[in-house]
Amino acid sequence: MSEVLKFVFKGNRNYVQGTSLFNALVEVAGQRGAAEGKINVSFKHMIHNPVCILDERAPTAADAVVAKIAGTDGESHFLCINAATETEEAVRQEFDEPEACRGAIVGDKSVVQDNPHHGDKIELLVSLCKKMHQECVDSSKKWVFSRYDGQFPIPEMDKVELRITKQVGTRLTCSDVLVNGEKIADMYFS
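Everything numeric here is computed off the predicted structure, so don't read it as measured data.

Observations regarding the overall build of the protein
Argument step 1. A count of helices and strands for the protein gives three helices and 13 strands.
Argument step 2. Its C-alpha atoms give the protein a radius of gyration of 16 Å, near enough to 16 Å, the size a compact globule of 190 residues would have.
Argument step 3. The C-alpha extent of the protein, read off along each of the three principal axes, is 45 × 40 × 30 Å.
Argument step 4. Counting the 190 residues in the protein, one finds 47% classified as buried.
Argument step 5. Contacts in the protein between residues at least 24 apart in sequence constitute 66% of all its contacts with a sequence separation of at least 6.
Argument step 6. With the model as given, the accessible surface of the protein reaches about 9,400 Å², and the carbon-plus-sulfur share is 48%.
Argument step 7. Separation of charge centres in the protein, based on 22 positive and 28 negative side chains, amounts to 6 Å.

If you want it as structure tokens, here you go:
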């Protein structure tokens with residue numbers, strides 16, 4: 001079963017942001033009866049087309065985005081997103097990443113924000129993780145959100161903390177995502 005999805009380009013990006021794709025996958029999971037559970041989503045290739053196709057099927061090596069979603073009932077679904085062959089002009093949406101990170105404190109391979117004020121939770125987590133990478137690992141590299149493996153929906157946040165737990169040079173990292181002191185996911189950047 002294929003479904004057409006249309007995305008906006010945020011800020012000055014010329015691609016669909018991983019956070020938008022994540023939110024779409026969580027929304028589709030809810031439509032399929034999995035309002036909460038675990039999601040393991042990998043972003044393999046950037047999508048430069050605002051028009052995408054979502055398929056519920058086993059993934060292939062060529063897929064741009066692949067997610068395995070397991071609801072609390074134990075049932076699992078694979079969802080794949082790829083650029084559509086048709087295209088259209090991208091609608092742009094403002095995105096102020098520094099504002100999302102306002103008040104965050106960067107430590108030694110960690111970042112903490114009390115009372116987060118940015119409404120889109122995955123966007124906040126990715127923005128904070130990127131800030132941590134730029135300040136703690138390599139400021140010259142363009143860090144990219146490559147995988148999220150953990151709980152959905154992301155719970156309400158009074159405090160959020162991300163800590164780099166594994167690092168392969170400046171090629172790949174894995175960070176713990178803690179919300180209100182509890183680990184909810186692993187987030188990977190490359």
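Focus on the state of the cysteines
Argument step 1. Taken as a whole and assessed by the stated rule, the structure comprises zero disulfides.
Argument step 2. Free cysteine C52: the closest other cysteine sulfur is in C80, separated by 13 Å.
Argument step 3. Residue classification places C52 among the buried positions, given a relative accessible area of 0%.
Argument step 4. The cysteine C136 is free of any disulfide, with C129 supplying the nearest cysteine sulfur at 10 Å.

Points about the packing of aromatic side chains
Argument step 1. Counted under the stated rule, the structure contains three aromatic pairs.
Argument step 2. Plain terms: the ring middles of F22 and Y148 are 4.9 Å apart, the flat faces sit at 70 degrees to each other, and that makes the pair edge-to-face. One end of the pair, F22, is in helix α1 (residues 18–31); the other, Y148, is in strand β10 (residues 145–152), and 126 residues separate them in sequence. Each member of the pair F22 and Y148 is classed as buried.
Argument step 3. Centre to centre, the rings of F145 and F189 are 6.1 Å apart; their planes meet at 35 degrees, and the pair counts as tilted. In this pair, F145 sits in strand β10 while F189 sits in strand β13 (residues 182–189), placing the two residues 44 residues apart along the sequence.
Argument step 4. Note on F189: relative accessible area 0%, which makes it buried.
Argument step 5. An aromatic cluster is defined as three or more aromatic residues linked by ring pairs; in this entry it consists of F43, F145 and F189.

Cut-offs applied
- Residues numbered from 1 in each chain as written.
- Predicted model: local features only at pLDDT ≥ 70, side-chain atom pairs only at ≥ 80, totals over all residues.
- Heavy atoms only, no water.
- Helix = DSSP H or I, 4+ residues; strand = E, 2+ residues; numbered from the N terminus.
- Rg over C-alpha atoms; globule rule 2.2 N^0.38 Å.
- Buried < 20%, exposed > 50% of the residue type's maximum accessible area, 1.4 Å probe, protein only.
- Contact = heavy atoms within 4.5 Å.
- Areas by Shrake-Rupley, 256 points an atom, 1.4 Å probe, with all protein chains shown as cover.
- Lys, Arg positive; Asp, Glu negative; His and termini not counted.
- Charge placed at Lys NZ, Arg CZ, Asp CG, Glu CD.
- Disulfide = S-S within 2.5 Å.
- Phe/Tyr/Trp six-rings, centres within 6.5 Å; stacked < 30°, edge-to-face > 60°.

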